[in-house]
Amino acid sequence: MPLEVPSELEKSIDDRITHYPVSKRSAVLPVLHELQHHFGFINEDAVEWTAAKLELEPIKVLEVVTFYPGFRQSAPGKYHIRVCRTLSCAMAGSYELMESICEKAGIDRSGVTHHDPIAVSADGKYSIEFAECLASCGSGPVCLVNDDFHEEVKDVEGLLKKYN
Amino acid sequence: MWKDFLKNTIKAGKKLVMSDIRYIKGKEPHPRETRVIFKNVDREGWDPSIACYLKDGGYEMLKKGLKMKPDEVREEVKTAGLRGRGGAGFPAGVKWGFIPPNNEKPVYLICNADESEPGTFKDRYIMHQDPHQLIEGMVLSCYAVGAHLAYIYIREEFPEAAQILEKAIAEAHEKGFLGKDIQGTGFDLEIYVHRGAGAYICGEETGLIESLEGKRPYPRIKPPYFPAAMGLYLCPTIVNNVETLCHVKHIIEMGGAEWAKTGKPNNTGTRILCVSGDVKKPGYYEVQVGHVTMGELINDICGGLKDGRKLKAVIPGGSSAKVLRADEKFTIGKGDDAKEIDIWDIPMDFDTLAACGSMAGSGGVIVIDDSRSISWVLNNINAFYAHESCGQCTPCREGSLWMKKITDRLVLGKASPEDIDTLESVAYNIDGKTICAFGEACSWPTESFIAKFRDELTADTKSDLSGDIVNLESELAAAGLK
Amino acid sequence: MSEDLLDVQIDGVWHQFPKGTRMIEACRQAGVEVPHYCYHPKLSSPGNCRMCLVQMGMPPRPMPGQDPAEPDEDGHLPISWMPRPVIACANTIGPNMGIRTTGELTESCREGVMEFLLANHPLDCPICDQAGECSLQEFSVEHGKGSSRFRERKVKKPKNVKVGPRIRLDDERCIMCSRCIRFMDEVADDPVLGFTDRGSHTVLTVHPGHELDNNYSLNTADICPVGALTSNDFRFQMRAWFMKETKTIDTNCGTGINITVSARQGEIYRITPRQNNDVNSDWMPDSHRLNYHWINSDIRLTEPLIKDGGRHRMAKYQEAIITTADKLRNFDHSEIAIIVSGRMTNEEMLMARLLKRTLNVKDIDIIPRRGESDNYLISEDRNPNTNGAKSVLGLKDPGASIDALKKDIANRKIKALILLQEDPLTDGAFSAEDLKPLEFLVTSYPLANPTADLADVVFPGACWAEKSGTMINVTGRLQKLNKAVDGPGQTMAPWEILRDLIQALGGGNGIYSSADIFNLLTKEISDFSGLKLEDIGDQGIPFLDTGVTLPLVEREKARIAKGEIVGV
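The notes below deal with the structure included here. It should be emphasised that the depicted structure is a prediction, and the values quoted were computed from it without experimental measurement.

The rules behind these values
Residues numbered from 1 in each chain as written. Chains lettered and ligands numbered in written order. Predicted model: local features only at pLDDT ≥ 70, side-chain atom pairs only at ≥ 80, totals over all residues. Heavy atoms only, no water. Contact = heavy atoms within 4.5 Å. Buried area = accessible area lost by both parts, 1.4 Å probe. Salt bridge = Lys/Arg side-chain N within 4 Å of Asp/Glu carboxyl O. Polar contact = N/O pair within 3.5 Å; in protein donor to acceptor, adjacent residues only side chain to side chain. Helix = DSSP H or I, 4+ residues; strand = E, 2+ residues; numbered from the N terminus. Nonpolar A, V, L, I, M, F, W, Y, C, P; charged D, E, K, R; others polar. Buried < 20%, exposed > 50% of the residue type's maximum accessible area, 1.4 Å probe, protein only. Pairing = 2+ DSSP bridges.

This part covers the interface of chain A and chain C. Counting residues at the interface gives 15 residues for chain A, matched by 16 residues for chain C. Of the roughly 1,400 Å² buried where chain A meets chain C, counting both sides, 56% is carbon and sulfur surface. For the chain A face of the interface with chain C, the top three residues by lost area are Glu-57, Ile-59 and His-114 of chain A, together amounting to 33%. Across the contact surface, chain A and chain C share one salt bridge. For the salt bridge of Asp-185 of chain C with Lys-60 of chain A, the shortest nitrogen-to-oxygen distance reads 3.0 Å. Between chain A and chain C we count 10 residue pairs in polar contact (both at pLDDT 80 or more) in total. Of all elements in the fold, only α3 (44–54) and α4 (58–67) of chain A reach the threshold of two or more residues within the side of chain A that touches chain C. Sort the elements by how many residues they give to the side of chain A that touches chain C and α4 of chain A lands first, with seven residues. In the side of chain A that touches chain C, the residues fall into seven nonpolar, three polar and five charged.

Here it is as structure tokens:
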């Protein structure tokens, strides 16, 4: 099914494309970001739409989408949480943070695999995944909730309460 | 030295001296710090708007620099000896000089804001709190290398910083610091923010360029694809780190020679050290390069180790830097100047850390105390690299995951002593055999951890295990490591 | 030109190569094979497999104030060896460079890369079609460890994926060399393949809902160094090592694509393109490649047929020849016409020319066969030897007289027709009505066909794979066709039929082989004078100046000129 892109979104995308006067292909990431921001994830239709928009073979877009964990290929929860997994945060307790969030948000991560790294709560409100180093190693454990950054996260209940 | 710096700053005619600046309570710089790049980070009453920046004398250096000839700007940067703050420590002025002299193609400049080396968290604060400093540094750098189109390649995990930068760019445009005929000098420049999507490999400059071209960020082979000659769209391209580009502003302000008086010879300027791990006060500290030792950094600036804990190891320059063991002895200096020092006395500069067998890298210092299992630390690092390997070339693609799988077993008590030998050999089979420096980045931790902690790693093995292939997925989950 | 030659030491021996030569090609020219997977001279060089790592050295650079190194008595500078290996595929040689393809560093690199490549490989050689012609097997034997230290679970990937109508993919066997992707991007201009996911989980994929259905898709299976991409047509049919290979040329169109026919016990199992940089590079279209199954089919004519009382009966070959000769004697020379095929060799055309002379016949022509050029390798001329017809038969405009001939048959000026290696009823060149007025029709053709149904004498004519000879392609290149298999039953090559017919008509000629006819060609046809068959070789020789070029080859030449590909 062709993706229905609202005209405002398309205008914003067209504007992004002008940032790449030498090659439209360069706009693959920005276009995908705009689409993901609007639709929550990148599905096959979004890949096809992007390919058509940038006059590329769809595989060239899919190659990019699947490379980057920043592009989700399935619907996340309303609030998508990314907990930093890497060394300094792990030393500061990010695995414990992950466990705690999952417990309090009702997320079961047992089905998580390399290809399917995101777990969603039963009510669809929260989804979670580990992210690699979020570059705030001095204030771990850290996480992103949608686009909001949180550091030294200790109070999980307080965090979840902000996103209700 | 700190006083010298102040004197120089005043001599250079700066409008503000540091003493005028107040910092947010609880976030004051440590007295050992020399705040140049981070002057405005956590500054009281400071905001990222252009109004605030201009009030503080912002964009004056842009005006000054654009009155110079481009080669004069280049020369100042070369004289300053500014070494790249992204990881490799390559002199920026020399890099700029690699653009072919007879070049007729457009030149591009890319600001590498992919800050993704574990342990590093400095560019984040520049972009969040002082975006115009970066833009001013970029305009000067673009002018110096003849670029009229520049991109800030920022990692996707910095969504707020991307917005702040875009706003700052719009403001700079409005004030005539970007766009056509900047400040009536005839110099044109557009800067765009380009967001990544979660890939460490995009910090590698040719991987970044491929990503910016809309392709999978597979690093290019060098030769022939040296970015300064064949970079973005196969045109000469300069890729510099955020902190590096910011320094250009200060070099123009002070003059290359004066700027070079800060820091140490061949290790000039200030740099931001990011300390994380097992210290009381982790954080970012801007110091003159080589002016503080590891001991001063950990014990004085960072408040020391946690109570009752002893230092076990330090990873001094981001997670790919080779680990230093707490009780190691290091030989620095050459000939008659050679001396043996211990870890506490290592001055934090490029050359000394290299002489100690590691590197200053991206300035990310990860401190590991005696409560940590070395196997666990190494496994965490290996998991990072296995996740981030782009998969383009064979040794890294197959080796990084293999190393992770061995250390997975190690932390679960399912590895044999021979596995340590295999692990070491896998690392050596990656090191130096790959397209890009990721090969070293992912093999150096394993190589150095085994070289320095073989006993401890072996202690986690079981000699009665042999030959089994184990299914680790469920066990890793059970151990809370998935 | 000597200033453009650089001195390079390979494994201790000094050689000279032109500036710009890739290290791997310099080694090859010096007789030293450097193992590789991703490198292909017709594609860009990503340097991703790392199998071609070698040790490199250059003359030491003097430190400031230091004197440069002294050359030895032969003028060579000492070599300072680099501790890190370099890839031989993408790096070019430098003056006084040293290359070591043996020694501890190179050997440890190869052993390491082999171990990595096999770590997650399924090692399913017993059921893999690539076995016997697999670079992974070959280099593993030469450079590998012999045993694996990999004790982990292997990465699971898609298997037996139908990526296109003619290609199947096993992702677990794929070593991510990207040759197939680059071929589709750079040569076929149909970028449907790509890598998805990343790291060790990277998989070769065709986009969901899309297919690798390009007419050049099977080339990806050819260049796949392992068993990841296999041809549906060849899959599970025959082990590579059982087959006999014959170098010959394709006859589906005027390009004359160089091919290798692989056969066992007289049966063709596979056709693959054979490198010829002036004709087809390393490639061929699927449609040409797969057009061979009819050769083994059961609608082959196997015996000569003679029509008796309106019905065909099987006959001995000699009887068919004598019958034909006898019938032809009943006609005045002005009542006989000859149509030969543009699919026949120069030698066969010469024999047709001799038959024409023997019978003193005026009319001889070929049936033109045209289609659209695909702008790659398929020529719009679908006859492989139209230029042969021009040169040997002396036709200025081959096929131009066919319409006139039809009229002559209709008004009974022509009463007997010798129609060799064509089935014009099926092709549409003639209708049954057109042929009906004839009093005598003799044909030869490999397959049972409607034209043959009308014929008084029918010969089972050998197809292209069953005979030898020469052809001239659209660019004017003279190339050799070599017999790969025997025809079934009493199948005869057209040159044999023609020879025997001439003999039966009283013209003895002492021809025993196609090579004998070639010698005759050099005497009879001025274009061929002074030529020897062995001069043609496996690659053919430029022969006529036609001014025609091949689009794919021209594009490749442009890429070579730009340095994008090596091209050898």
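A separate point is the pattern of salt bridges. Using the criterion set out here, one finds 80 salt bridges over all chains in the structure. Of the charged contacts in the structure, one is a salt bridge between Glu-210 of chain B and Arg-220 of chain B, with a shortest N-O distance of 2.7 Å. Of this pair, Glu-210 of chain B sits in helix α9 (residues 205–212) while Arg-220 of chain B sits in the loop between α9 and α10 (227–230), and the two are 10 residues apart along the sequence. In terms of burial, Glu-210 of chain B and Arg-220 of chain B fall into one category: buried. A salt bridge links Lys-562 of chain C to Glu-564 of chain C, with the nearest nitrogen and oxygen atoms 3.5 Å apart.

What follows covers unusual backbone geometry. Residue and element names in this part refer to chain B. Note that the residue after Lys-222, namely Pro-223, is joined by a cis bond; omega there is -5°. For Pro-223, the position within the fold is in the loop between α9 and α10. Here the bond from Pro-223 into Pro-224 is cis, since omega is 5°, no more than 30 degrees from zero. With respect to the secondary-structure elements, Pro-224 resides in the loop between α9 and α10.

Note on sheets: strands pair through backbone hydrogen bonds, and any given pair is parallel or antiparallel. Residues and elements named next belong to chain C. Read across the sheet, three strands follow the order β22-β23-β24 without closing on themselves; strand pairing throughout is antiparallel. In this open sheet, the two edge strands, each paired with only one partner strand, are β22 (469–472) and β24 (541–542). Bridging between strand β23 (residues 477–481) and β24 involves two bridges; their strand directions are antiparallel. Each bridged residue has a counterpart across the sheet, and for Arg-477 the counterpart in β24 is Pro-542.

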